[in-house]
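# Notes for the structure review
One-letter residues, chain by chain:
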Amino acid sequence: MPADVDLLILGGGCAGLSLAMRLAENPGACRRVVVLEARERYENDRSWCFWQDRPDRFDTLVTYRWNHLAVRSSRSSASLRCAATPYQLLEAAVFYDHAQQVIRAHNGVQLHLGVTLSGLPPEQPDGWRIETPLGTLRAARIVDTRPARRPVKGDALLWQSFLGHEVLCDRSVFDPGCVELMDFADGRPGTVEFTYVLPLAADRALVETTVFDPQPYGPADLAARQHSAVLKRVRGAAHSLVRTENGILPMGDLKTAPDGSSSRYCAAGLHSGAARPATGYAFQRIQRWAEACAATLRLGGNPIPHASDPWLTQQMDRLFLQVLAAEPERAADLFVRLFARVPAPRLIRFLSDKATLADRASVVAALPPALFLRHLLRTGFRPATGRAHP
Ligand SMILES: Cc1cc2nc3c(=O)[nH]c(=O)nc-3n(C[C@H](O)[C@H](O)[C@H](O)COP(=O)(O)OP(=O)(O)OC[C@H]3O[C@@H](n4cnc5c(N)ncnc54)[C@H](O)[C@@H]3O)c2cc1C
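It should be emphasised that the depicted structure is a prediction, and the values quoted were computed from it without experimental measurement.

Right, let's get into the overall build of the protein chain. Looking only at helices and strands, the protein chain has nine helices and 17 strands in total. Here the C-alpha radius of gyration of the protein chain, 22 Å, is about what a compact globule of 390 residues would show, namely 21 Å. Counting only residues that meet the buried cut, the protein chain has 53% of its 390 residues in that class. Excluding contacts between residues fewer than 6 apart, the proportion of contacts in the protein chain whose partners are at least 24 apart in sequence is 76%. Looking at the protein chain as shown, the accessible area adds up to about 17200 Å², and 54% of this sits on carbon and sulfur atoms. Each charge sign in the protein chain was given a centre, from 46 positive and 39 negative side chains, and these centres are 4 Å apart.

Structure below.
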């Protein structure tokens, strides 16, 4: 059975499009690629933020950059100045448009919208034969970025649930120079809950209620808290809703569906190892995976999964999340300490997966030793998991 496609990508979101773009530009041995995406059309459904630590392909697409971030509790605050590595926002709509343009400009990749594929048939000796609304497709390899399953309590150490509204006010109420990364002042006692404010202009901002908790929360659960957060931030100004975004990101110990044993099949994306446990952030990690995976496919190899974090990062993230889960009332103080005591370049490298040993030591030194030692003695270290960085 000769394959129709060298690679079938299931799900054309961030991970699927990131890989497809790279293969469109430079296919090597992976010339025929099909992407099946459930959505009929793309919308501006998320705002990807990350620190710009080196020039990359999205530099010209970034719409906002900030050099100042603040973290506040009800008692204290800390700020982080990052002019050398600004915090920047890539709007999803801009990313989706760009990816589609790149794909259209080359011949090898076909992106089909409005195609939902459930499950997968068993693998044959020479690949998969898949019935799709477009007809039968024979695929030699598969990258599957569909979410493995619905978030439920117990499938991750914590879930990061959030609901955000971009609001436009009739007067200036925001400081466009400073991102409120975490404002814990209004969080309920006993929960890790904060407001995130991305000021897009003096009269426009994305205001987001965020909860880290073993229980995942949908938008309806967060609606009342989010309403109060918006009212507080607009300070009496008349305002209109521009758009909404929400998400539930895994933080640590994610249980994913089994991959199967085929080396020609690979699960990728948010629910398959892309998210950094300590932050839930995944965008840059997905870009690094897409580079590495495309490079392997170009040489005729099989798709590769996300690289796992170094052992020390795994232990530090896990311990931090365990402390948050067990003692959520300490969260505001811990985050303020980190942002107040760790020099900005070190903290940004730590959060962006580029930490040196000295950066990690600086993070450890900023946190209360007795609290972390107590939890470490209770849980111990875990063996490293996943595919190591090459
Ligand atoms: C609102 C929001 C904001 C975020 N902000 C940040 C941030 O600031 N920084 C950061 O680093 N990370 C952020 N993240 C986390 C992460 O970067 C994103 O979730 C990212 O989109 C994950 O990429 P993905 O490809 O795994 O999933 P998605 O981008 O969700 O792509 C999965 C795709 O699969 C499709 N699909 C699902 N089921 C099927 C099916 N059965 N058949 C075919 N297609 C299917 C979906 O329609 C979707 O397009 C954010 C996430 C969300 C939700």
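Next comes the rest of the description.
To continue, consider the side chain of Glu245. By the secondary structure assignment, Glu245 is in strand S16 (residues 239-251). Within the local environment of Glu245, its side chain forms a polar contact with the side chain of Arg243, the two groups lying 3.0 Å apart.

What follows concerns the domain arrangement of the protein chain. Taken domain by domain, the protein chain consists of domain 1 (7-43 + 92-148 + 256-298), domain 2 (47-88), domain 3 (158-251) and domain 4 (311-379). Each of domain 1 and domain 3 has a C-alpha centre, and the two are 31 Å apart. Counting residues at the interface gives eight residues for domain 1 and seven residues for domain 3. Three residues, Leu270, Pro277 and Tyr281, lead the burial of domain 1 against domain 3; their summed loss comes to 50% of the area buried on that side.

Our focus in this paragraph is the packing of aromatic side chains. The full count for this structure, using the stated rule, is 18 aromatic pairs. Considering the side-chain rings of Trp66 and Tyr87, the 6.4 Å spacing of their centres and the 45° angle between planes classify their relative orientation as tilted. Remark: Tyr87 occurs in strand S7 (residues 87-91) and Trp66 occurs in strand S4 (residues 64-66); sequence separation between them is 21 residues. Since its relative accessible area comes to 0%, Tyr87 is described here as buried. Ring pairing ties together the aromatic residues Tyr42, Trp48, Phe50, Phe58, Phe95, Tyr96 and Phe283, which thus form one cluster. Between Arg225 and the ring centre of Tyr217, over which it is positioned, the NZ or CZ distance is 5.9 Å.

Moving on to the site of the ligand. Surrounding the ligand, one finds 31 residues, the nearest of these being Ala15, Glu37, Arg39, Cys49 and Leu270. Within the backbone of Leu117, an N or O atom sits 2.9 Å from a nitrogen atom of the ligand. In this structure, Leu270 approaches the ligand through a main-chain N or O atom, which is 2.7 Å from an oxygen atom. Taken by itself the ligand offers 980 Å² of open surface, and the protein chains cover 88% of this.

Together, Trp311, Leu312 and Leu357 give the surface a local cluster of nonpolar side chains, amounting to about 300 Å² of exposed area. You can see Trp311 is positioned in helix H5 (residues 311-326). On the accessibility criterion, Trp311 (39% relative accessible area) is partly exposed.

Turning to its location among the elements, Pro250 is positioned in strand S16. For the pair Pro250 and Gly280, spaced 30 residues apart in sequence, the C-alpha to C-alpha distance is 6.0 Å. Beyond its immediate chain neighbours, meaning those up to four positions away, Pro250 contacts Ala156, Leu158, Trp159, Leu270, Ala275 and Gly280.

The subject of this paragraph is the pattern of salt bridges. One pass over the full model with this rule turns up 31 salt bridges. Residues Arg188 and Glu193 are paired through a salt bridge, measuring 2.8 Å at the closest nitrogen-oxygen approach. Accessibility expressed as a relative area gives 4% for Glu193, which makes it buried. Salt bridges here are not isolated pairs; linked through shared partners, they connect Arg276, Arg285, Arg288, Asp309, Asp317 and Asp353.

This part is about the sheet that holds S4. Sheet strands associate in pairs through backbone hydrogen bonding, adopting either a parallel or an antiparallel arrangement. The strand order across the open sheet formed by three strands is S3-S7-S4, and the pairing between neighbours is antiparallel. Looking at the sheet topology across the chains shown, the edges are occupied by strand S3 (47-51) and S4. Averaged over all pairs of adjacent strands, the angle between strand axes in this sheet comes to 20°, irrespective of strand direction. With three bridges connecting them, S4 and S7 associate as antiparallel partners.

Bending of helix H3 (residues 219-234) peaks at approximately 35° at the position of Arg225. Residues of H3 that are buried: Leu222, Arg225, Gln226, Ala229, Val230, Arg233 and Val234. Next to the buried residues of H3 lie strand S12 (158-169), strand S13 (179-183), strand S14 (192-201), strand S15 (204-213) and S16. Directly beyond the C-terminal end of H3, a positive phi value near 45° is found at Arg235.

What counts, and where the lines are drawn
- Residues numbered from 1 in each chain as written.
- Predicted model: local features only at pLDDT ≥ 70, side-chain atom pairs only at ≥ 80, totals over all residues.
- Heavy atoms only, no water.
- Helix = DSSP H or I, 4+ residues; strand = E, 2+ residues; numbered from the N terminus.
- Rg over C-alpha atoms; globule rule 2.2 N^0.38 Å.
- Buried < 20%, exposed > 50% of the residue type's maximum accessible area, 1.4 Å probe, protein only.
- Contact = heavy atoms within 4.5 Å.
- Areas by Shrake-Rupley, 256 points an atom, 1.4 Å probe, with all protein chains shown as cover.
- Lys, Arg positive; Asp, Glu negative; His and termini not counted.
- Charge placed at Lys NZ, Arg CZ, Asp CG, Glu CD.
- Polar contact = N/O pair within 3.5 Å; in protein donor to acceptor, adjacent residues only side chain to side chain.
- Domains from an automatic or database assignment.
- Buried area = accessible area lost by both parts, 1.4 Å probe.
- Phe/Tyr/Trp six-rings, centres within 6.5 Å; stacked < 30°, edge-to-face > 60°.
- Lys NZ or Arg CZ within 6 Å of the ring centre and 35° of its normal.
- Near = heavy atom within 4 Å.
- Patch = residues over 30% accessible without salt bridge, like charges linked within 9 Å, V, L, I, M, F, W, Y side chains within 5 Å.
- Salt bridge = Lys/Arg side-chain N within 4 Å of Asp/Glu carboxyl O.
- Pairing = 2+ DSSP bridges.
- Axes fitted to C-alpha atoms, helices over the stretch in contact; angles between N-to-C directions.
- Bend = angle between axes of the 7 residues up to and from the residue.

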